[in-house]
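Remarks on the overall topology
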Amino acid sequence: SAYYFDRNREAFDAIVNYYLSDGQIPYLCDTMDEGLITREFEFFKIPLTPREFEEEEHSVVDVRENTRVGIWKSRVDSLINKPESSKIAGLYAIVDCFFILISIAFLVLETEGKVKDFFINPENKYYYYLFGINVFIMAFFTGDYIARFWSATSKKMFLKQILPWMDLLSILPFYMELAIMAYHGPQNPADSESTSVGGWYVVLRVCRIFRVIRVFKLARRSENLLILLKAVGNTSTELFVLFVMVFMVVLMFGSIMYTVEKTTSTKDTKFTSIMSGCWWSVITVTTVG
């Protein structure tokens, strides 16, 4: 059997998003008729009165449309955060994702032996071409972050979200790397994998590792992925209980295996400690179940 609701389709999408986003009214409601969205919310027993709707819509108009700066903030916000708002916004989203993928590809290729020299050796003929592309991409990411912060309705709410901080952590390593290279000079390719180089270049390698956070920038472009992350956050208590149960199982069977091997084995055993037994238990649980 199935249920059929003879309701407005656009409003019904807003209702579904309301429940999927843990009770947050999506921006889709701002484009609908007040009476229509109020009737739909009342039909589905969602606590939204006309007075509350007026206050929310009025606050958006006051902040973003009553002044020339507010109008520009609204346009920039639509361009960056709402790809469906216009063709230019959709093209911007495609370019953003393309640059993210290129940046991640550069991060991976820098560790490949055959092409690593292209990225870290200034004497290589391709070094400055690739470095220029990287600088352009990072300038794009920096401008994107500044524009997001400037066009945000509430700076406090912007800073309370985790994705803006991930964006910042993915940008800062590039500028730290530039500062270190400008002060100490380019790193010798022969020392790129050495552990005996100076402390500054250890920091440089750590900065390069942090660039992997850029992959989370893709999550911002997927509404379904954002909903999934929200669902994971809402089930944090249950996940914690799950990890505790797994930890108990791993510790118990790891200890049993270590004890059995040490008392019954006549040959040298690889279970030399409880930690090695726990490692066996983790591999068994995660691969066999």
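So, how was this worked out
Residues numbered from 1 in each chain as written. Predicted model: local features only at pLDDT ≥ 70, side-chain atom pairs only at ≥ 80, totals over all residues. Heavy atoms only, no water. Helix = DSSP H or I, 4+ residues; strand = E, 2+ residues; numbered from the N terminus. Contact = heavy atoms within 4.5 Å. Areas by Shrake-Rupley, 256 points an atom, 1.4 Å probe, with all protein chains shown as cover. Phe/Tyr/Trp six-rings, centres within 6.5 Å; stacked < 30°, edge-to-face > 60°. Lys NZ or Arg CZ within 6 Å of the ring centre and 35° of its normal. Axes fitted to C-alpha atoms, helices over the stretch in contact; angles between N-to-C directions. Parallel < 35°, antiparallel > 145°, perpendicular 65-115°, else oblique. Nonpolar A, V, L, I, M, F, W, Y, C, P; charged D, E, K, R; others polar. Buried < 20%, exposed > 50% of the residue type's maximum accessible area, 1.4 Å probe, protein only. pLDDT = per-residue confidence, 0-100. Core = buried A, V, L, I, M, F, W, Y, C linked by side-chain atoms within 4.5 Å. Expected span 1.5 Å × (residues − 1). Left-handed = near helix turned anticlockwise from the far one by under 90°.

**Quick look at the overall build of the protein chain**
Scanning the protein chain from terminus to terminus reveals 13 helices and zero strands. In the protein chain, the succession of α and β elements from N to C terminus is α-α-α-α-α-α-α-α-α-α-α-α-α. Restricting the contact set of the protein chain to residue pairs at least 6 apart, pairs at least 24 apart contribute 57%. About 19300 Å² of surface is accessible on the protein chain, with carbon and sulfur atoms providing 66% of the total.

**Let's talk about the packing of aromatic side chains**
Evaluated as defined, the whole model comprises 13 aromatic pairs. Relative to tyrosine 128, the ring of tyrosine 127 lies with its centre 4.9 Å away and its plane at 85 degrees, an arrangement referred to as edge-to-face. Pairwise contacts between aromatic rings join Tyr92, Phe98, Phe99, Phe136, Phe140 and Phe141 into one cluster. Looking at arginine 75, its charged tip hangs above the ring of tryptophan 72, at a distance of 5.2 Å from the centre. Cation over ring: lysine 155 sits above phenylalanine 149, and NZ or CZ is 5.7 Å from the ring centre.

**Looking at the packing of helix H4 (residues 68-81) against helix H5 (residues 87-109)**
Interhelical geometry of H4 versus H5 gives an angle of 50 degrees and a closest axis separation of 7 Å. Between H4 and H5, the crossing angle belongs to the class labelled oblique. In contact with Ser78, Leu79 and Ile80 of H4, H5 contributes Ile88, Ala89 and Tyr92. For the contact of H4 with H5, a count of residues per class yields five nonpolar, one polar and no charged.

**Here's the deal with the environment of asparagine 8**
Of note, asparagine 8 is situated in the segment before helix H1 (9-20). Look at asparagine 8 and you get partly exposed, because its relative accessible area is 28%. Along the primary structure asparagine 8 and isoleucine 37 are separated by 29 residues, whereas in three dimensions their C-alpha atoms are 9.1 Å apart.

**Regarding the confidence of the model for the protein chain**
In this model, the protein chain carries a mean pLDDT of 76, and residues with pLDDT of at least 70 account for 76%. By mean pLDDT, the top-scoring element of the protein chain is helix H7 (residues 127-151) (90), and the lowest-scoring one is helix H3 (residues 50-64) (43). Counting contacts from residues 49-63, a segment whose pLDDT is below 50, to residues more than four positions away or on other chains yields 14 contacts.

**Re the nonpolar core**
Of all hydrophobic cores here, the largest spans 20 residues; its most connected members are Phe99 and Phe141. Listed by contribution, the elements that provide at least two residues to this core are H4, H5, helix H6 (116-120), H7 and helix H9 (162-184). The residues contacting phenylalanine 99, other than those within four sequence positions of it, are Phe136, Ile137, Phe140 and Phe141. Counting residues in hydrophobic clusters, the runner-up holds seven residues, among them Ile37, Phe41, Phe44 and Ile46.

**Overview of H5**
A rise of 1.5 Å per residue sets the reference length of H5, with its 23 residues, at 33 Å; its end C-alpha atoms lie 33 Å apart and thus fit the reference within 8%. Listed in full, the buried residues belonging to H5 are Ala89, Gly90, Tyr92, Ala93, Asp96, Phe99, Ile100, Ile102, Ser103, Phe106 and Leu107.

**Quick notes on the environment of threonine 142**
Along the chain, threonine 142 falls in helix H7. Spatially, the C-alpha atom of threonine 142 lies 6.9 Å from that of isoleucine 171, the residues being 29 residues apart in sequence. Apart from residues lying up to four places away in sequence, threonine 142 is in contact with Ile171 and Tyr175.

**As for the environment of isoleucine 137**
Here isoleucine 137 is to be found in helix H7. A residue is classified by how much of its surface remains accessible, and isoleucine 137, at 1% relative accessible area, is buried. The sequence separation of isoleucine 137 and isoleucine 100 amounts to 37 residues, and the corresponding C-alpha distance is 8.3 Å. Among residues more than four places away in sequence, those in contact with isoleucine 137 are Phe99, Ile102 and Ser103.

**Description of the packing of H5 against H7**
Interhelical geometry of H5 versus H7 gives an angle of 130 degrees and a closest axis separation of 10 Å. On the basis of the axis angle, H5 is oblique to H7. The two elements H5 and H7 meet at a crossing, and its hand is left-handed. For the pair formed by H5 and H7, the contact residues are Tyr92, Val95, Asp96, Phe99, Ile100, Ile102, Ser103 and Phe106 on the first element and Leu130, Ile133, Asn134, Phe136, Ile137, Phe140, Phe141, Asp144 and Arg148 on the second. When the residues that make up the contact of H5 with H7 are grouped by side-chain class, the tally is twelve nonpolar, two polar and three charged.

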